[in-house]
Amino acid sequence: MKFETRHLQGALRLSQEMGWPYRREDWEFAATVGEGLVIERAGEVIGTAMWWNYGQAYATAGMIIVTASAQGGGYGSRLFNGLLEATDGRNVLLNSTEEGLALYKRRGFTTWGTVLQHQGPLTVAVTLNACDDIRPATISDLTKIQAFDQRATGMPRQSMVAELADVGNVVVIERAGRVAGYAIARKFGRGYVVGPCAAESAQDARLLILAQLSKLHEQFVRIDVYAEDELGDWLEGLGLKQVSYATAMVKGQRPEPDGPAHMYALANQSFG
C-alpha cells in the first residue's frame, strides 16, 4: 500500500519502537520529498519502507521498519521487494544497521563504507574566525548549490536540495565568485542536524560545519559523517560523541563525484 498522510502517526510509532528520535514532522518531510510503502494489519501500520529517486540512474532507501511483533512473517521482504520494484532498475544506496545487513546482502547489496553518527548537546562554545569566504546563502545561490551538490554526490538531487534549503539555514563558501561548498542545518529529531555538508576539502567542510555550530550553542546537535573522511575525532573534540554507526551499501554502481567536490555530512542516513 502506498504511504499516505494518514499513515504518519503509525509510522511515528514504529520509529519510536525502534528508539529512533524522529518527530512526526521528520516523517512528513521524508514523505513529501520521497515515496513509500506501508503494510497495515487490522488498521495498524506494522511496516514501512521509503525511497528517494534521483534521476533515472540512482535512488536511496531508508526508514525500513517492521514492528517487533510482526518480524519473521515475511513483511520486511515484501516491503523491500516493493521498494526495489518502485526504484525501477536504478542503482540503490542505503545505510544499514547490523540487523539489516543479512537481508540486504541477500538482495545483492555490497558494502562500501561506514557512516558515523555523532550527537549530543553542544556545550562547547564554537566561534568562527572572520572569513569572507563563508556567508549566508541567498535565494540566488540555490542553482549553484544544487550544481555543487550534484558534483559532490554524482546524483541529480535538485528537488531534495531545494526542499532542505527551504526548511533549513544554509551557508556557502564562495571562491572567485563561485560556490565551492555548502552546509545546511535544520530542526530534526531531538534538536538540529547539520547536513548535508559538501565541500572541496575536509578543511572547508570543518569551516562550514563550524559556521553552523556557532549558531547552535546549547542545542542538541547531530552530524552523520563518513568514517573515511576522518572527521570523527574532531567532532568528538567538540563534544559530539559517536553513538552508533551504519554500513553504507549499494546495489549496482556507486555514483561518481565530479572533481574535488565531496559530501562530508549527510542530511540523514536515509536521504544519502
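Residues numbered from 1 in each chain as written. Predicted model: local features only at pLDDT ≥ 70, side-chain atom pairs only at ≥ 80, totals over all residues. Heavy atoms only, no water.

> Just to check I follow, could you spell out the overall build of the protein for this structure?
A tally of helices and strands in the protein yields eight helices and 12 strands. Computed over its C-alpha atoms, the radius of gyration of the protein comes to 18 Å, within 12% of the 19 Å expected for a compact globule of 272 residues. Dimensions along the principal axes, computed over C-alpha positions, put the protein at roughly 60 × 40 × 30 Å. Residues counted as buried form 52% of the 272 residues belonging to the protein. About 12,100 Å² of surface is accessible on the protein, with carbon and sulfur atoms providing 47% of the total. Averaging the locations of the 26 positively and 30 negatively charged side chains of the protein gives two centres separated by 4 Å. (Helix = DSSP H or I, 4+ residues; strand = E, 2+ residues; numbered from the N terminus. Rg over C-alpha atoms; globule rule 2.2 N^0.38 Å. Buried < 20%, exposed > 50% of the residue type's maximum accessible area, 1.4 Å probe, protein only. Areas by Shrake-Rupley, 256 points an atom, 1.4 Å probe, with all protein chains shown as cover. Lys, Arg positive; Asp, Glu negative; His and termini not counted. Charge placed at Lys NZ, Arg CZ, Asp CG, Glu CD.)

> I would appreciate a short explanation of the pattern of salt bridges in the present structure.
Working definition: two side chains of opposite charge can pair if their charged atoms are close together. This structure, assessed with the given rule, holds 11 salt bridges. With a closest N to O distance of 3.0 Å, glutamate 200 and arginine 178 form a salt bridge. Separated by 22 residues along the polypeptide, glutamate 200 in the loop between β9 (191-199) and α7 (202-213) and arginine 178 in strand β8 (residues 178-188) bring together distant segments of the chain. A relative accessible area of 38% means that arginine 178 is categorised as partly exposed. A salt bridge links aspartate 224 to arginine 222, with the nearest nitrogen and oxygen atoms 2.7 Å apart. Taken as a pair, aspartate 224 and arginine 222 share a single burial class, namely buried. (Salt bridge = Lys/Arg side-chain N within 4 Å of Asp/Glu carboxyl O.)

> Can you walk me through the pairing of strand β1 (residues 35-41) in this structure?
Sheet faces and side chains relate simply in a regular strand, where the side chains alternate between the two faces. Direction of pairing for β1 relative to strand β2 (residues 44-54): antiparallel, over a ladder of seven bridges. Opposite glutamate 40, over in β2, you have valine 45 as the bridge partner. Taking the residues that link successive antiparallel strands as the turn, the β1-β2 hairpin has two residues, and the phi of alanine 42 there is positive, at about 55°. (Pairing = 2+ DSSP bridges.)

> Where do I start with the pairing of strand β11 (residues 241-251) in this structure?
Inspection of the sheet shows strand β4 (residues 91-96) paired to β11 by five bridges, in the antiparallel sense. Residue pairing in the sheet places asparagine 95 in a bridge with alanine 248 of β11. Judged from the nine bridges that link them, strand β5 (residues 110-121) and β11 form a sheet pairing that is antiparallel. Following the sheet pairing, threonine 110 is matched in β11 by valine 250.

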